[in-house]
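Results of the structural survey
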Amino acid sequence: MTSLPRRSAGRRPAARAAAALTALALGMAGTALLGTGAGTSAASSHREAPLTAADPQVDNTDLYAFTSPDNPDTVTLVANWLPFQEPNGGPNFYPWADGAHYDINIDSQGTGKPDLTYRWTFHTEDLRGTDTFLYNKGPVNNLGDDTLRFRQYYTLQELRPDCDPVTLVEHGQAAPSDTGRASMPDYGRLRQQATAQLPGGGQTVATQAADPFFLDLRVFDLLYGGDLSEVGQNTLAGYNVNSVALQLPKSRLAYRGDPNRNPVIGVWSSTEKQTLKLSPGKATPAGKYVQVSRLGNPLVNEVVVPAGLKDAFNALPPSEDHNQPAVVAKVLDPEVPKLVQAIYGLPAPAAPRTDLQEIFLTGIAKAADGPLAVDLNSQLMNRDIDPNRFVPAEELRLNMSTPVAPNPDRLGVLNGDFQGFPNGRRLGDDVVDIALQVVEGATPGKFVQALAAGDKVNGPDRPFAATFPYLALPYDKAVNQK
């Protein structure tokens, strides 16, 4: 393992805590405060890299991992793709890419390599032929209705190193794109019909959903207009995404099947696709699969990774992160605090940010020798792992033993809710407001008052559901409809 630079031993505890929480924003949340730079774009990992911006079907947008609030013996994982879906974008709407591998990866040992991968692979049944251009030729009340002329199915496999793949779902049907209220008067029913029960416990669904991420994207206009005047508009309201959701017993995810001894997992989603062989009117997948997109913590590829390395970062496994000197250099001397200082006059913490490097790559634990001497969410907390195999890696880390918060706080750890981000990520965690605070050194219970209002977007436009998959149903009217 490459040795990481150590922090100064002379730091006072208060200074270490402030720097640590700044690191949570920059390294793990990514802060979304980048106002300039070629190749950057909007919102978490929506269109974050040049190649995926041109290939949105395989563009990971957000990843969530949390203990299921109504079923606390399980964990729910949600991964989203294909951003900025305008609901009326017919006649072909928003299909999954045939043959691509849509993966959720679990690292339970801290090696940066998957101990477990769940893989959805889709194929299309297009019944339109030369008969019609319509996605559906009448109301669709059930997935099997003949009126639904475009259908997608998937195989879900569970992959473990040195084991044969296990097929969990052979011919699952994805919920279709929502083509409107007249066409699909009860989309919730369709989504429920698309939910598949898994052998050994758990469930999964592939569906369209209202984009759960919420923020005011005028952050890119000189950080909310240069005077925090451009706030309060949820820019993603009205747009949909394609989602896969998976709920599994904790014992399925924990190292050696023991969530009591080994409660921490690292999670990331990724997409692989084949090269396309083009011929007139046809594109045929061919050749080896190549990873083209990747997402762990929100906003990382947007803000921490420089534009010229974004595509390369998407192709890397987390096990290689600590060997990338150009990326490490940006972590050690990040751009965001300098922008905040230049626009708002708030002093930037001094570089090099060795605290940021530690928390960004290892998770927070006493054994990690990080700037916060607490056990929160590093695989080094797992009692049965070999610590000599541990490597720094960018992953969304979840401590499955943290109790479900009876009253979740949108600011997560920053406001004393240790089940919230960056300990996993719930749908309602406000990662942008967390970032706006900690970038200038906020600590739990002590906020930077100049930024206390954040972007004034404190939750989603549509409430989340109380049961699996927890996502709000997709929007079915145009974004610009008044």
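What counts, and where the lines are drawn
Numbering of residues starts from 1 in each chain and follows the order in which that chain's sequence is written. In keeping with the predicted nature of the model, local features appear solely for residues at pLDDT of at least 70, side-chain atom pairs appear and are counted solely at 80 or more, and the whole-chain, interface and lining totals rest on all residues. Excluded from the side-chain calculations are hydrogens and water; all other atoms, namely the structure's heavy atoms, are used. What counts as a helix is a DSSP run of H or I of at least four residues, what counts as a strand is a run of E of at least two, and both are numbered from the N terminus. Throughout, exposure labels follow a simple rule: accessible area from a 1.4 Å probe, protein chains only, divided by the maximum for the residue type, with under 20% read as buried, over 50% as exposed, and the rest as partly exposed. Here, residues are in contact when the closest pair of their heavy atoms is within 4.5 Å. Note that accessible areas follow from Shrake-Rupley with a 1.4 Å probe, and for residues the cover is restricted to the protein chains shown. pLDDT expresses how confident the predictor is about each individual residue, on a scale running from 0 to 100. One bridge is not enough; two strands pair if DSSP finds at least two bridges between them. Here, axes are lines fitted to C-alpha atoms. For helices the fit covers the stretch in contact, and angles between N-to-C directions go from 0 to 180 degrees. Salt-bridge detection follows one rule: a side-chain nitrogen of Lys or Arg within 4 Å of a carboxyl oxygen of Asp or Glu. Whether two aromatic rings pair depends on their centres lying within 6.5 Å, for rings of Phe, Tyr and Trp, where Trp uses its six-membered ring; planes under 30 degrees apart make the pair stacked, over 60 edge-to-face, and the rest tilted.

**A word on the overall build of the protein chain**
- When its secondary structure is counted, the protein chain shows eleven helices and twelve strands.
- Sorting the 482 residues of the protein chain into buried and exposed places 56% on the buried side.
- The long-range fraction of contacts in the protein chain, counting pairs at least 24 apart against all pairs at least 6 apart in sequence, stands at 67%.
- Surface summary for the protein chain: the accessible area is close to 18,800 Å², and the carbon and sulfur share equals 53%.

**Some words on the confidence of the model for the protein chain**
- Averaged over every residue, the pLDDT of the protein chain is 85; the share at 70 or more is 84%.
- Considering only residues more than four positions removed or in separate chains, one finds that residues 1-43, a stretch of pLDDT under 50, has 131 contacts.

**Some details on the sheet that holds strand 7 (residues 196-197)**
- Pairing is antiparallel in the open sheet, where five strands are placed in the order 1-2-9-8-7. Each edge of the open sheet is held by one strand with a lone partner, namely strand 1 (60-67) and strand 7.
- Contacts from helix 3 (residues 187-194) reach strand 7 and strand 8 (203-210), with the element oriented near 150 degrees to strand 8.

**Regarding the pattern of salt bridges**
- For the coordinates displayed, the defined rule picks out 18 salt bridges.
- With a shortest N-O distance of 3.5 Å, Glu 272 and Arg 119 are connected by a salt bridge. With Glu 272 in strand 10 (residues 264-279) and Arg 119 in strand 4 (residues 116-126), the pair connects residues that are 153 residues apart, well separated along the chain. In this structure, Glu 272 and Arg 119 share a single accessibility class: buried.

**Considerations on helix 11 (residues 431-438)**
- Most of helix 11 sits inside the fold, with eight of its eight residues counted as buried.
- Taken together, the buried positions of helix 11 are Val 431, Val 432, Asp 433, Ile 434, Ala 435, Leu 436, Gln 437 and Val 438.

**What about the environment of Ala 442?**
- Its place among the elements puts Ala 442 in the segment after helix 11.
- In sequence terms Ala 442 and Leu 414 are 28 residues apart; their C-alpha atoms lie 7.9 Å from each other.

**Topic: the packing of aromatic side chains**
- With the rule as written, the count across this model stands at eleven aromatic pairs.
- Geometrically, the ring pair formed by Phe 66 and Tyr 470 is edge-to-face, given 5.7 Å between the ring centres and 70 degrees between the ring planes. Note that Phe 66 is positioned in strand 1 and Tyr 470 in the segment after helix 11, a separation of 404 residues in sequence. The two residues Phe 66 and Tyr 470 agree in class, both being buried.
- Their ring planes at 85 degrees and their centres at 4.9 Å tell us that Trp 96 and Tyr 102 sit as a pair that is edge-to-face. Of the two residues, Trp 96 and Tyr 102, neither departs from the other in class, the shared state being buried.
- Counting every residue linked through ring pairs, the aromatic cluster contains Trp 81, Trp 96, Tyr 102, Phe 122 and Tyr 154.

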